[in-house]
Every structure is written in structure tokens, then in C-alpha cells.
Protein chains: 2
Amino acid sequence: MRMLINVAETVVADALRGMAAAHPRLTVDVENRVVVRSDAPVAGRVGIVSGGGSGHEPLHAGFVGPGMLSAACPGEVFTSPVPDQMVRAAAAVDSGQGVLFVVKNYTGDVLNFDMAAELAEDEGIQVAKVLVDDDVAVTDSSFTAGRRGTGATLFVEKIAGAAAEEGAPLERVEALARQVNASSRSFGVALSAVTTPAKGTPTFDLPPGELELGIGIHGEPGRERRPMMTSGEIADFAVDAVLDDLRPTRPVLVLVNGMGATPLLELYGFNAEVQRVLTERGVAVARTLVGNYVTSLDMAGCSVTLCQVDEELLRLWDAPVETPALRWGR
Amino acid sequence: MRMLINVAETVVADALRGMAAAHPRLTVDVENRVVVRSDAPVAGRVGIVSGGGSGHEPLHAGFVGPGMLSAACPGEVFTSPVPDQMVRAAAAVDSGQGVLFVVKNYTGDVLNFDMAAELAEDEGIQVAKVLVDDDVAVTDSSFTAGRRGTGATLFVEKIAGAAAEEGAPLERVEALARQVNASSRSFGVALSAVTTPAKGTPTFDLPPGELELGIGIHGEPGRERRPMMTSGEIADFAVDAVLDDLRPTRPVLVLVNGMGATPLLELYGFNAEVQRVLTERGVAVARTLVGNYVTSLDMAGCSVTLCQVDEELLRLWDAPVETPALRWGR
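Rules of the game
Residues numbered from 1 in each chain as written. Chains lettered and ligands numbered in written order. Predicted model: local features only at pLDDT ≥ 70, side-chain atom pairs only at ≥ 80, totals over all residues. Heavy atoms only, no water. UniProt positions renumbered as here; feature names shortened; annotations may be inferred. Core = buried A, V, L, I, M, F, W, Y, C linked by side-chain atoms within 4.5 Å. Buried < 20%, exposed > 50% of the residue type's maximum accessible area, 1.4 Å probe, protein only. Contact = heavy atoms within 4.5 Å. 1 Å grid on protein atoms, 1.4 Å probe; cavity = no way out; pocket = protein on both sides within 12 Å on 5 of 7 lines; lining within 4 Å. Points joined across faces, edges and corners; volume = space filled by probe spheres on them. Nonpolar A, V, L, I, M, F, W, Y, C, P; charged D, E, K, R; others polar. Helix = DSSP H or I, 4+ residues; strand = E, 2+ residues; numbered from the N terminus. Least-squares fit on C-alpha atoms with pLDDT ≥ 70 in both. Disulfide = S-S within 2.5 Å. Phe/Tyr/Trp six-rings, centres within 6.5 Å; stacked < 30°, edge-to-face > 60°. Buried area = accessible area lost by both parts, 1.4 Å probe. Salt bridge = Lys/Arg side-chain N within 4 Å of Asp/Glu carboxyl O. Polar contact = N/O pair within 3.5 Å; in protein donor to acceptor, adjacent residues only side chain to side chain. Pairing = 2+ DSSP bridges. Axes fitted to C-alpha atoms, helices over the stretch in contact; angles between N-to-C directions.

Identification of chain A as phosphoenolpyruvate--glycerone phosphotransferase from Streptomyces agglomeratus is taken from an unreviewed UniProt entry. In its Subunit (unreviewed entry) section, UniProt records this for chain A: "Homodimer. The dihydroxyacetone kinase complex is composed of a homodimer of DhaM, a homodimer of DhaK and the subunit DhaL."

Written out as C-alpha cells, the structure reads:
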């Protein structure tokens, strides 16, 4: 086992202690596993709460801060957080303007966020929910009924967070979040399997010299396995899979995302191929983000997410953000 | 070979094309391999130029932008850039105030930057140089006479870049860069070997269940190989190796750096242990940065860099920076 850990049982708590030490503008409740921007609740502002299994860092806790998430609830590795975490997060960030739950479409997350919404409403917190289900690779998978939620989560959290930061009401923030999800599609490729701390060995078998097209972020099976392809061939396959489903008529935001173990040198090279394919297909690119944002522990590989944007979504994407993993000013 | 590439020969050029597409504020000369902040030369400001072999991304090109590097010259993977690149970079950023070369201590880089400095001076550009040699693991190694330059490069480039941005003269920027290097020490650990695109197989043999203490960023040998240790044991070893040499009397900047393939979840957990050791040894922490910044392609592992700071260095560290990989405002 090639892991930089103490024991599998404390991986999430250890990481939260490390986050707390590195990011003084986050309030990290290690025991209850809730990460909150330290100035929450912000008067007059809607709260944005997300969460999910750990192992996808910097998603979600790395996106907590002004202009993006108000709070995040990390579960165990590849395991949904529990409703109690979500209710605590909602209570910590609600200023009376309500809270939006951003939920990736995995069965456990959906059930637990549903239950948390009921519990939070019992406590007098108004809750809206948006389901992220952008992965075009497969419908129904080992963790999901319907499409999986992957890279579009970053777009939803950024744009909903920007709207909330500006003071938009819950109804508007929710509508924007739904629009972003409806305008986004993703496709992922694995070049190696993923190893969880609890198991200590790869969760599936992917021999060297093969790749899996359409992989999920937990190593769920994709569409097909093939002999190794070039970066250009992978870009053709992945971008076409997204475009076949999205059929964008407006400019797109592009996320070229690493799965965790693929070097940034390779991700930038892959981005060159993604941009080539988009140009060939006549799709205009508004903005491009390249890096490891929605990961799967030590899996090698990448995903492409496109989100077609109007002027308002683009303005909100460009709005200032100040989180551990995503930051920019005006 | 589990790489997201076309062919080994085009890896660096492909990545530069991908960087150009993602970062409109950089001017990327793909043919000549020079990355320049697009507003260079900045009137009245010293230019800061660095470079080195590719494979350590985001170092150096990811640190080009206001408040940090003026330009970067990427060489082939793990191979020094050539003097011509460095002279072009210097000419592109010199406003008449001179240029500082930030050089990691590897034989090829040192020779080529020396030659470039002479050529640039022949063209009327005033050049100063700072050598970064922070790695306490070994003296003399496969690529180096003396100590290797690793994580401290980030501290040198950030602090020298902040001083230049404020309008400090070349002499002062150079003195600050030397002070940062003299105040910094690093120690790295590999949990897996590194595979270069050209070779396609691991450059050294590190069996699962073993780690190499004191590894370099090109897979150069370290101090010793041991059976796998816990995150806490590694932190004790690495931090003590740094402290034995640095013996800080002031607060430190902490860089907990991933080698490329170690998940952020593990890096944050490792940071918790690094902070514990520093507390136990009575060392005050001023700031902490956690992430993949000075990498070695797909190597799993981490390094710790400490830089002891006075008020001026801390102020310059905190100054605004706007690059692809490091950004913050006031």
C-alpha cells in the first residue's frame, strides 16, 4: 500500500485537521465533519451547502469560501455524509434567507440530503435542493440511478455561490444552479484503477496498456475498455460524447479535470487536444480551467466537462471567489 | 505506459499549447518555449526569470504572472532549458531595470543560466542570479554538485516577485531572494518511482511496501530506503531532517508539497502531522501551503519545505499574486 496515511480509519479526520491548520478562514469541526466559511452566516445571503464522500478533493471542502460554498460535509471515503452533518452545516450558514443543498446524484447522497432537508425544515430553515447529474457515460451505475454527478458540480457550486454572494434570493440561486446543471455534461477516462485506504488494493482491475472510457469518480465501470489511445484520440472520444448529448449553441466553459494522479504536464497537453476538437466542431470556448478539481484519490486519468453559458452565467463564473482551491479577483 | 500523451517527443510543446489556451494573461511562445506575463516588460520593474526541466508543473510556468515570475523557460522533461530560451525571456521582460535569474542547483541549469547571463549582458541587459539549494537530504547527487534545489524555489520566486512588483531595485530583489534561499530547507519522500514519457517505465525500482527517504524531484536517490512508515513517522523524519539543518529562531512558512500522484486528502492528513511535529519542537508557523506545486511527474510522495521569515519576508509572502497556480489578493 503506497499511501501517505496513518491508518485507514482516521484518514478523513486527519485531513480535516490538516485543512484547519492550512486555512484559517475556514472553521473546521473535525468531530462532526463540517467545514464552514468562518464568517458564516452572512447576513442577507443564501447559504450554499454541499458534501459527499471524501476522496474527491479539493471537492467539496476546498470550495468553501466567499463566492462559492458556505459549508461542506465530507463523508467517509466514497461514502455519503450523514444527514446530521448536513443539518449542522445548514444551521451554521443560514442567515434566515434559506440554504441550497448541492447534491451529486449518488443514491446515498440523495437519500441523506433528502432526509437532512426535512430535518432542517423542521428547525425552521428553508431548504432548496439541486441534483447534479452531468456524466453522459452511463445511465445507472453501481452507486447511482440515472446519471452520475461529476465535474459539473464545480460549475454549479461556483455559479450558485456567486449569485448567493451578490444577494440573490433562494429561488433565484436554485434556478441558476438547475440551469448550470442542465447546461453541463461530462465524460471521464481512467488510465489506472483507484485504491481506497480501507481496501488497500485497486478497486478494479485495469491492466497497463488499457484504458476505461466513461469511468466514474469511484472507479465505477464505464462504457468500454480499449487498448491505450493517444491524448488526441481520447479528446476526440470524450468531447464528442459530451457534444452528442449537449449540442451547445452558445459558448462553453471547459473543465479539463485530472483524476488525481495524472501530471499537470499531461493535463495541459490534453487540454490542447480538447481545444482542437472544440474548434473543429465549431464550439466557441468562453473560459478554460485545467487541474485536479474533482478527483478519485490516486486514479490516473481525466475528464472533460462543458457548460454552455449565457452572459449572466459567464458573469457569475467570472465573479470573485476566494476558496482554498479556486480563487480569483475581478 | 499509462500516460495521457500523444508521443513523448511533443509532450512539452503540447502542454505549452494547452497552457496558452487556458491562460490568456500569459504569452506563450510554443516554438521557442518561453512563457511570459502578457503585460511584460512592466515599466520601472525588475524582471524575474526562472526555468528548468519540465515535469515539475506547476513550477515554473504556472508561477508566471503579476507578483511572481515575469517569465519561465521550460526545458525538455527533466532537462535544462537552453541559454537561448533564457536570453529570449530576459529580453522580453527587461524594462531597463535588470533581470533576476532564479536557478535551481542542477549542473545543467547552472551552466546554461551562467551562459545566458553572459549573453544577456552582451545585449545590454543587467542580470543577477540566485541559486536555490534547499534540499538537506544529500550533498551531491546524480544531477547536482552540492545541494539540490526543490521546494524553496516557490518561496524564492514568490517573495522576489513581490518585491519586484513593488518596484524594488535589482540589488534588493536579489538580496531578498538570497535571504529566502538561505532561510529555507526541504526534505522529500517517495512512495513510488517516477516514469518519464521518453523512457515509459519507472526510472528506478521502488517495490510496494517500501519508501525512499530524501528523494529528489527527478527520482535521484535519497538517504535510505525503509519499509513503509505512517504519515506521522514520515513527518517526524522529514521535519527533523529540516530542523536539524535550519534551526529556526523565527516563525516559518510551511510548504507541504505533493510529488504529483499523492491525493490531496493524504497531503492534508500529512500536514496535520507536520504541524504536530512543529508544535512539539516549539517552532511557530506563520503560514501553510498544501498542494502539488513542485512535482515529479507521476511520483507518489511528498516534501516539506520550511522558510523562516522576518516581518518583511512575511509581508512579501502575503502580497497579492496572480498566476495560474498561486493566486491571492490582499
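This part takes up the nonpolar core. The biggest cluster of nonpolar side chains holds 211 residues, and the ones touching the most others in it are Leu 100 and Phe 187 of chain A together with Leu 100 and Phe 187 of chain B. Among residues more than four places away in sequence, those in contact with Leu 100 of chain B are Val 46, Gly 47, Ile 48, Val 49, Ala 128, Lys 129, Val 130, Ala 160, Leu 170, Val 173, Glu 174 and Ala 177 of chain B.

Let's shift gears to the layout of surface pockets. Its boundaries defined by the atoms lining it, the second largest pocket holds a volume of some 1100 Å³. What lines the second largest pocket is a set of 38 residues, and nearest its centre among them are Arg 2, Ser 192 and Asp 298 of chain A together with Arg 2 and Ser 192 of chain B. The class makeup of the residues in the lining of the second largest pocket is 22 nonpolar, nine polar and seven charged.

In this structure's numbering, the residues bearing the UniProt feature "domain: DhaK" (unreviewed entry) are residues 7-328 of chain A. Secondary structure over residues 7-328 of chain A splits into 33% helix and 24% strand, and the C-alpha atoms at its two ends are 36 Å apart.

Another aspect to go through is the relation of the copies chain B and chain A. Placing chain B over chain A gives an RMSD of 0.0 Å and needs a rotation angle of 180 degrees, together with 0.0 Å of translation along the axis. Viewed as a symmetry operation, the transformation between the two copies matches a two-fold axis. Identified as the residue of chain B closest to the rotation axis by C-alpha distance is Ala 261 of chain B, at 2.0 Å. Here 100% of the interface residues in chain B have copies in chain A that are interface residues too; the copies meet face to matching face.

Further remarks concern the state of the cysteines. Residue and element names in this part refer to chain A. If you walk through the whole model with that rule in mind, you get zero disulfides over all chains. Unpaired in terms of disulfides, Cys 302 finds its nearest cysteine sulfur in Cys 307, a separation of 19 Å. Overall, Cys 302 belongs to the buried group, its relative accessible area being 1%.

This structure, assessed with the given rule, holds eight aromatic pairs over all chains. One aromatic cluster in this structure is built from Phe 155, Trp 317 and Trp 328 of chain A.

Attention now goes to the interface of chain B and chain A. Across the boundary between the two partners, chain B contributes 53 residues, which contact 53 residues of chain A. For the pair chain B and chain A, the summed buried area comes to about 4400 Å², and 62% of that belongs to carbon and sulfur atoms. When the buried area of chain B at its contact with chain A is split by residue, Arg 2, Leu 4 and Leu 265 of chain B rank highest and sum to 21% of it. At the junction of chain B with chain A, the criterion picks out two salt bridges. A salt bridge links Arg 17 of chain B to Glu 273 of chain A, with the nearest nitrogen and oxygen atoms 3.8 Å apart. Between chain B and chain A we count 18 residue pairs in polar contact (both at pLDDT 80 or more) in total. When residues of the side of chain B that touches chain A are traced back to their parent elements, those giving at least two are helix H1 (11-22), helix H6 (231-246), helix H7 (264-280), strand E11 (285-291) and strand E14 (327-328) of chain B. No other element matches the eleven residues that H7 of chain B contributes to the side of chain B that touches chain A. Split by residue class, the side of chain B that touches chain A holds 30 nonpolar, 15 polar and eight charged.

The subject of this paragraph is the sheet that holds strand E3 (residues 47-54) of chain B. Consider a sheet: its strands pair through backbone hydrogen bonds, and that pairing is either parallel or antiparallel. Residues and elements named next belong to chain B. Spatial ordering of the open sheet is given by E1-E2-E4-E3-E5-E6, a layout of six strands whose pairing is mixed. Each having just a single partner strand, strand E1 (26-29) and strand E6 (127-132) make up the two edges of the open sheet. On average, each strand axis in the sheet is tilted by 20 degrees relative to the strand beside it, whichever way the strands run. Of the pairings in the sheet, the one linking E3 to strand E5 (residues 99-104) comprises four bridges and is parallel in character.

Time to look at the pairing of strand E2 (residues 34-37) of chain B. Residue and element names in this part refer to chain B. The alternating pattern of E2 places Val 34 and Val 36 and Val 35 and Arg 37 on opposite faces, both of which are buried. Relative to E2, E1 is paired through four bridges, and the arrangement is antiparallel. The partner of Thr 27 across the bridge, within E2, is Val 36. From the end of E1 to the start of E2, which pair antiparallel, there are four residues, and Arg 33 there has a positive phi angle of about 60 degrees. Pairing of E2 with strand E4 (residues 71-77) involves two bridges; the strand directions are antiparallel. Bridging across to E4, Val 35 finds its partner in Ala 72.

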